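Chain and residue survey
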Amino acid sequence: MRRVACLVVAALLALTFAARAETFPSRPITIIVPFSAGGPSDAMARILAERMKLSLGQAVLIENVTGAGGSIGVGRAVHAAADGYTISFGHLGTHVCNGAIYKLSYDLIADLEPVALLPSNPMIIVSRNGVPAKSLAELLAWLKSRPTPATAGTAGAGSGSHIAGLYFEQVSGAKLQFVPYRGTAPALSDLVGGQIDLIVDQTSNSINQVRAGTIRAYAVTQAARLAQAPDIPAVDEAGLPGFHMTLWSGLWVPKGTPDEIVARLNAATEEALSDPAVQKQMENLGLQMPDKDKANPEALGAWQKAEIAKWWPLIQAADVKVE
Ligand code: ASP
């Protein structure tokens, strides 16, 4: 008798899940972007959301929950209901590096379910136009000749721009004074306005200002030049060989979200990334599409774990303090 009751309960639960997945989504979905509006994470999430709403048949809203290197916004998503209506947007900083920097109230692997890997881009070393250097070699000489460190804007401890800045200090031997913001959108405004000296920024954030001539670019952090910005040297030719960093992004949902819902969100993301109009917008920002064999949620999970294994020891060795 007990066995029959158990089977009935199991069947009912399976039906409820199936019905939930079939009707999903029946109301708007929110993507939590853990940095300021107008920045590179926000820009990518908004391009995706516009296209995902077509496949999902529901509005996809962006909520910017900023602060503490993106760890507050990720926490908000982790603690939301595991029903697919709240998605966590993040990147190498928020979903890898923050685990080695902050005492988080959540576990980046155990409390999140990967959905899809998103495009990536190299970092770019940019300065305010008033900095007297015209090349990376001159910039390095200028940084080292200063009595006090130059100021470098970041999106907070553990953000992409901060990790890239720390890595830059390590490979160049130059010292920087980091200035944390709630995202690189406000940092970039201050760079254009001349209030800070530098950002080791995501290319997708700075590229339009570089094109407009309001800030100066020195190099992109990969071996070869970017097709979308062929005038900007690559670090290898410009004097910091091997200073390579690619900032990738991704989507996650709270752990316990039904598999069917994760699959639905993954399919909507992949459909968006395969749309030539979306690809054009992203590529114009210097973003590179992920390989097709990395399109499933498992690939993002495996990649996130591999990145944790690579970056955590480096960050722990650098003894990063939360400002
Ligand atoms: N991705 C962040 C933003 O959108 C910046 C960063 O991580 O450096 O502002």
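Keep in mind it's a predicted model, so treat the numbers as computed, not measured.

The next thing to look at is the overall build of the chain. Scanning the chain from terminus to terminus reveals twelve helices and nine strands. A compact globule built from 323 residues would reach a C-alpha radius of gyration of about 20 Å, and the chain, at 21 Å, matches this within 12%. Dimensions along the principal axes, computed over C-alpha positions, put the chain at roughly 85 × 40 × 30 Å. Here the chain holds 323 residues, and 54% of them are scored as buried. Long-range contacts, defined here as pairs at least 24 residues apart, represent 78% of the contacts in the chain between residues at least 6 apart. Approximately 13600 Å² of the chain is accessible, and the part contributed by carbon and sulfur atoms is 57%. Positive and negative charge centroids in the chain, built from 26 and 28 side chains respectively, lie 3 Å apart.

Attention now moves to the packing of helix 10 (residues 259-274) against helix 11 (residues 276-284). Across the interface, helix 10 lies against helix 11 with an axial gap of 5 Å and an inter-helix angle of 70 degrees. Classed by the angle they form, the pair helix 10 and helix 11 counts as roughly perpendicular. Here Ala-272, Leu-273 and Ser-274 of helix 10 lie close against helix 11, whose contacting residues are Pro-276, Val-278, Gln-279 and Met-282. Of the residues assigned to the contact of helix 10 with helix 11, the class counts are five nonpolar, two polar and no charged.

Further remarks concern the site of the ligand. What surrounds the ligand is the set Phe-35, Pro-40, Ser-41, His-91, Ala-155, Ser-159, Gly-160, Ser-161, Gly-183, Thr-184 and Gln-202. Taking Gly-160, its main chain carries an N or O atom lying 2.9 Å from an oxygen atom of the ligand. Between an oxygen atom of the ligand and a main-chain N or O atom of Thr-184, the distance comes to 2.8 Å. Bound to the protein, the ligand loses 100% of the 260 Å² it would expose on its own. Broken down by secondary-structure element, the contributors of at least two residues to the shell around the ligand are helix 2 (40-56) and helix 6 (160-172). For the shell around the ligand, the per-class residue count stands at three nonpolar, eight polar and no charged.

Quick look at the packing of aromatic side chains now. The geometry of two aromatic rings is summed up by the distance between their centres and the angle between their planes. Applying the stated criterion to the full structure yields six aromatic pairs. Between Trp-248 and Trp-252, the aromatic rings sit 6.4 Å apart at their centres with planes inclined by 45 degrees, giving tilted as the arrangement. A relative accessible area of 4% places Trp-248 in the buried class. Following the ring pairs from residue to residue traces out a cluster consisting of Tyr-167, Phe-168, Phe-243 and Trp-311. Stacked on the ring of Tyr-85, the Lys or Arg Arg-27 has its end atom at 3.8 Å from the ring centre.

Our next topic: unusual backbone geometry. That bond from Phe-24 to Pro-25 is cis: its omega, -5 degrees, falls within 30 degrees of zero. Along the chain, Pro-25 turns up in the loop between helix 1 (2-23) and strand 1 (29-33). Despite not being glycine, Ala-68 has its phi angle at roughly 50 degrees, a positive value. Inspection of the secondary structure puts Ala-68 in the loop between strand 2 (60-64) and helix 3 (71-78). Exposure remark for Ala-68: the relative accessible area of 34% places this residue in the partly exposed category.

Attention now moves to helix 7 (residues 184-192). Regarding helix 7, the residues found buried are Thr-184, Ala-185, Ala-187, Leu-188 and Leu-191. Taken end-on, helix 7 shows its buried residues confined to a sector of 160 degrees, consistent with a single buried face. Following helix 7 by one or two positions, Gly-194 adopts a phi angle in the positive range, close to 80 degrees.

The next thing to look at is the side chain of Glu-307. Relative to the elements of secondary structure, Glu-307 occurs in helix 12 (residues 297-318). As a buried residue without a salt bridge, Glu-307 has its nearest oppositely charged side chain in Lys-310, at a separation of 4.4 Å. If we skip the residues at most four places from it in the chain, Glu-307 touches Leu-92, Val-96, Trp-248 and Trp-312.

Reading guide: rules and limits
- Residues numbered from 1 in each chain as written.
- Predicted model: local features only at pLDDT ≥ 70, side-chain atom pairs only at ≥ 80, totals over all residues.
- Heavy atoms only, no water.
- Helix = DSSP H or I, 4+ residues; strand = E, 2+ residues; numbered from the N terminus.
- Rg over C-alpha atoms; globule rule 2.2 N^0.38 Å.
- Buried < 20%, exposed > 50% of the residue type's maximum accessible area, 1.4 Å probe, protein only.
- Contact = heavy atoms within 4.5 Å.
- Areas by Shrake-Rupley, 256 points an atom, 1.4 Å probe, with all protein chains shown as cover.
- Lys, Arg positive; Asp, Glu negative; His and termini not counted.
- Charge placed at Lys NZ, Arg CZ, Asp CG, Glu CD.
- Axes fitted to C-alpha atoms, helices over the stretch in contact; angles between N-to-C directions.
- Parallel < 35°, antiparallel > 145°, perpendicular 65-115°, else oblique.
- Nonpolar A, V, L, I, M, F, W, Y, C, P; charged D, E, K, R; others polar.
- Near = heavy atom within 4 Å.
- Polar contact = N/O pair within 3.5 Å; in protein donor to acceptor, adjacent residues only side chain to side chain.
- Phe/Tyr/Trp six-rings, centres within 6.5 Å; stacked < 30°, edge-to-face > 60°.
- Lys NZ or Arg CZ within 6 Å of the ring centre and 35° of its normal.
- Arc of directions from axis to C-beta.
- Salt bridge = Lys/Arg side-chain N within 4 Å of Asp/Glu carboxyl O.

It is worth stressing that arrangement in space is one thing and function is another; only the former is reported here.
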